[in-house]
Amino acid sequence: MRTQVCIIGGGPSGLLLSQLLHRKGIDTIVLERKTKDYVLGRIRAGILETGFVDLMREAGVAERLDKECYVHDGTVISYGDEQFGISFKDLIDKTVVVYGQTEVTRDLYEAREAMDGQIVYNVESVTIHGADSDAPYVTYAVDGTEQRIECDFVAGCDGFHGVSRQTIPLSVRKEYEKIYPFGWLGILSETPPVHDELIYASSDRGFALCSMRNENLSRYYIQCALSDSPDDWTDAAFWEELKRRIPSEMAEKLVTGPSIEKSIAPLRSFVTEPMRWGRLFLCGDAAHIVPPTGAKGLNTAASDIHYLYHGMVQHYLDGDSEGLDRYSEKALARVWKAERFSWWMTSLLHRYPEQSPFDLKMQRAEIDFLCSNHAAQVAMAENYVGLPY
Ligand code: RFL
Ligand code: PHB
């Protein structure tokens, strides 16, 4: 088989790239290790920057998003019983939207299928060959049969545990990582959200986040120990702990109910450099991870796709390789700023095991400063809604 761009990974990054390239007449094949239902079953991101929404529009897949998303003008930050709002709209005249990653992925699958896009599921043993040559190819097995795809380029969109990043030799690859000493326990419940904006809550018992998907589907998270397992937490214990971490005014109106999903995610900051090796380009979680506190993971994946898509179009349609040559540099410049913001928001709002009384005072002073300082709020708003591409 032959294609122009072989895309490894059928998550949001891979599907979005495939859809965008297709609309410019550039041929792709997507290789996905799991089934479509498995990918759609993963409950992940909820907040989309407008840059992401614009890219979905450009890909021709924003019809349902535009109809069903919830525009959020701001967010609430609380500390114990105290709370204040950060209005993105008032501060910088920008907003974000709530639209789940599951829905983004579903819309992209539907669009790819409607256009007869080639997606191969259940692939095993994906291996990238000759990425540093002029004739790369990818081999994989499906139903026990070996397959081979010749291509011009490989897009590694296979997430943190994929094979693409590992293909880049260690002599070329440099990795930067920070592991946080806690995780997030998240639940999804068919209950109305406690508030119409997200609440990022810092408390003496640890961090909590009140988020949502729609008017009868709420997503809540609490900071938990890395040694915890979801089975350690009954729904009742989860709700009890959440109520103790959010302002009592919110706790009193919180509607609880059975969880329909419960999982724990460890928190990590990670970047690999460079994001290009020969004809292999890394995108999204394959190249970088952020702790979810700033809602930046999927959004940063989207900015990678933006740079790679424009680089590919410039290459195929204008015969100019400048965009591809500068892909790693451009993507990383934005990635590092999203890393900084996610690390900052995580540090601001979580309790750390080794925190001294001085550290706690510093955290408190930083929250007070954010609460009272216009410039600090503008900086937070600009980062949260997404820095320009
Ligand atoms: P994905 O989604 O991991 O998709 C990669 C795909 O590649 C497949 N794969 C392979 N396929 C073929 N061969 C192989 N060898 C393969 N290895 C892997 C996998 O099966 C998978 O289908 O990466 P992608 O596309 O780069 O997308 C990244 C996002 O999923 C991720 O950044 C976000 O979910 C992060 N994130 C959030 N991001 C936001 O922008 N806003 C948020 O509000 C937000 N909240 C979150 C989050 C992530 C969370 N968790 C669980 C990590 C909340 C949570 C709790
Ligand atoms: C979510 O709704 O899942 C969500 C929202 C904001 C975050 C992280 C996750 O910062």
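Above this text you will find the structure in question.
Residues numbered from 1 in each chain as written. Chains lettered and ligands numbered in written order. Predicted model: local features only at pLDDT ≥ 70, side-chain atom pairs only at ≥ 80, totals over all residues. Heavy atoms only, no water.

K.L.:
Just to check I follow, could you spell out the site of ligand 1 for this structure?
P.N.:
Lining the immediate environment of ligand 1, one finds 33 residues, of which Glu32, Arg42, Gln101, Asp285 and Leu298 sit closest. Between an oxygen atom of ligand 1 and a main-chain N or O atom of Gly297, the distance comes to 3.3 Å. With the chains in place, 89% of the 1,000 Å² that ligand 1 exposes on its own is no longer accessible. Looking at the shell around ligand 1, the elements with two or more residues in it are helix 1 (12-22) and helix 10 (297-318). When residues of the shell around ligand 1 are assigned to their parent elements, the largest contribution, 3 residues, is made by helix 10. Its residues assigned to classes, the shell around ligand 1 shows 15 nonpolar, 10 polar and 8 charged. (Near = heavy atom within 4 Å. Polar contact = N/O pair within 3.5 Å; in protein donor to acceptor, adjacent residues only side chain to side chain. Areas by Shrake-Rupley, 256 points an atom, 1.4 Å probe, with all protein chains shown as cover. Helix = DSSP H or I, 4+ residues; strand = E, 2+ residues; numbered from the N terminus. Nonpolar A, V, L, I, M, F, W, Y, C, P; charged D, E, K, R; others polar.)

K.L.:
Would you mind going over unusual backbone geometry with me for this structure?
P.N.:
Keep in mind that most residues, glycine aside, have a negative phi and that most peptide bonds are trans. Across the junction of Glu273 and Pro274, the peptide omega takes the value -5 degrees, indicating a cis bond. In this structure, Pro274 sits in the loop between strand 17 (259-273) and strand 18 (276-277). Within the chain, Ser125 stands out as a residue other than glycine whose phi angle is a positive 50 degrees. With respect to the helices, strands and loops of the structure, Ser125 is situated in strand 9 (residues 124-129). By relative accessible area, Ser125 is classed as exposed at 54%. (Buried < 20%, exposed > 50% of the residue type's maximum accessible area, 1.4 Å probe, protein only.)

K.L.:
So what exactly am I meant to see when it comes to the site of ligand 2 here?
P.N.:
Of all residues adjacent to ligand 2, which total 14 residues, the nearest are Tyr200, Ser211, Arg213, Tyr221 and Pro292. Here Arg44 contributes a backbone N or O atom positioned 3.3 Å from an oxygen atom of ligand 2. With respect to ligand 2, the side chain of Tyr200 contributes an N or O atom lying 2.7 Å from an oxygen atom. Burial of ligand 2 by the protein chains amounts to 97% of its free accessible area of 280 Å². Of all the secondary-structure elements, those providing two or more residues to the shell around ligand 2 are strand 15 (208-214) and strand 16 (217-224). Of the residues forming the shell around ligand 2, the biggest block, 3 residues, is contributed by strand 15. Looking at which domains feed residues into the shell around ligand 2, each of domain 1 (5-70 + 97-177 + 268-345) and domain 2 (180-267 + 352-385) supplies at least three. (Domains from an automatic or database assignment.)

K.L.:
Looking at this model, I keep getting lost on empty space enclosed by the protein. Mind explaining?
P.N.:
Think of a ball as big as a water molecule: rolled over the atoms, this probe shows where empty space is left. As enumerated under the stated definition, the model contains 1 cavity of 30 Å³ or more in all. Here the largest cavity is characterised by a volume of approximately 50 Å³. Glu49, Lys296, Arg334, Lys337, Ala338, Phe341, Asn383, Gly386 and Leu387 together form the lining of the largest cavity. Looking at the lining of the largest cavity, the element that brings in the most residues is helix 12 (residues 327-349), giving 4 residues. The class makeup of the residues in the lining of the largest cavity is 3 nonpolar, 2 polar and 4 charged. (1 Å grid on protein atoms, 1.4 Å probe; cavity = no way out; pocket = protein on both sides within 12 Å on 5 of 7 lines; lining within 4 Å. Points joined across faces, edges and corners; volume = space filled by probe spheres on them.)

K.L.:
Honestly, the sheet that holds strand 19 (residues 280-282) in this entry has me stumped. Any pointers?
P.N.:
Pairing within the open sheet is mixed, and its 6 strands lie in the order 8-2-1-12-19-18. The strands lining the two open edges of the sheet, one partner per strand, are strand 8 (118-120) and strand 18. Of the strand pairs in this sheet, strand 2 (residues 28-31) and strand 8 are connected by 3 bridges, and their pairing is parallel. When the sheet's bridge partners are listed, Val30 is paired in strand 8 with Ile119. (Pairing = 2+ DSSP bridges.)

K.L.:
How should the packing of aromatic side chains be read in this particular structure?
P.N.:
For any two aromatic rings, the description comes down to two numbers: the centre-to-centre distance and the angle of the planes. All told, the structure shown has 18 aromatic pairs when counted by the stated rule. Considering the side-chain rings of Tyr200 and Phe207, the 6.3 Å spacing of their centres and the 35 degrees angle between planes classify their relative orientation as tilted. Both residues of the pair, Tyr200 and Phe207, count as buried. Chaining the aromatic ring pairs together yields one cluster made of Phe88, Trp184, Tyr200, Phe207, Tyr221, Phe341, Trp344 and Tyr384. The ring of Tyr137 has Arg148 lying over it, and the distance from NZ or CZ to the ring centre is 3.6 Å. The ring of Tyr180 carries the charged tip of Lys178 above its face, separated from the ring centre by 5.4 Å. (Phe/Tyr/Trp six-rings, centres within 6.5 Å; stacked < 30°, edge-to-face > 60°. Lys NZ or Arg CZ within 6 Å of the ring centre and 35° of its normal.)

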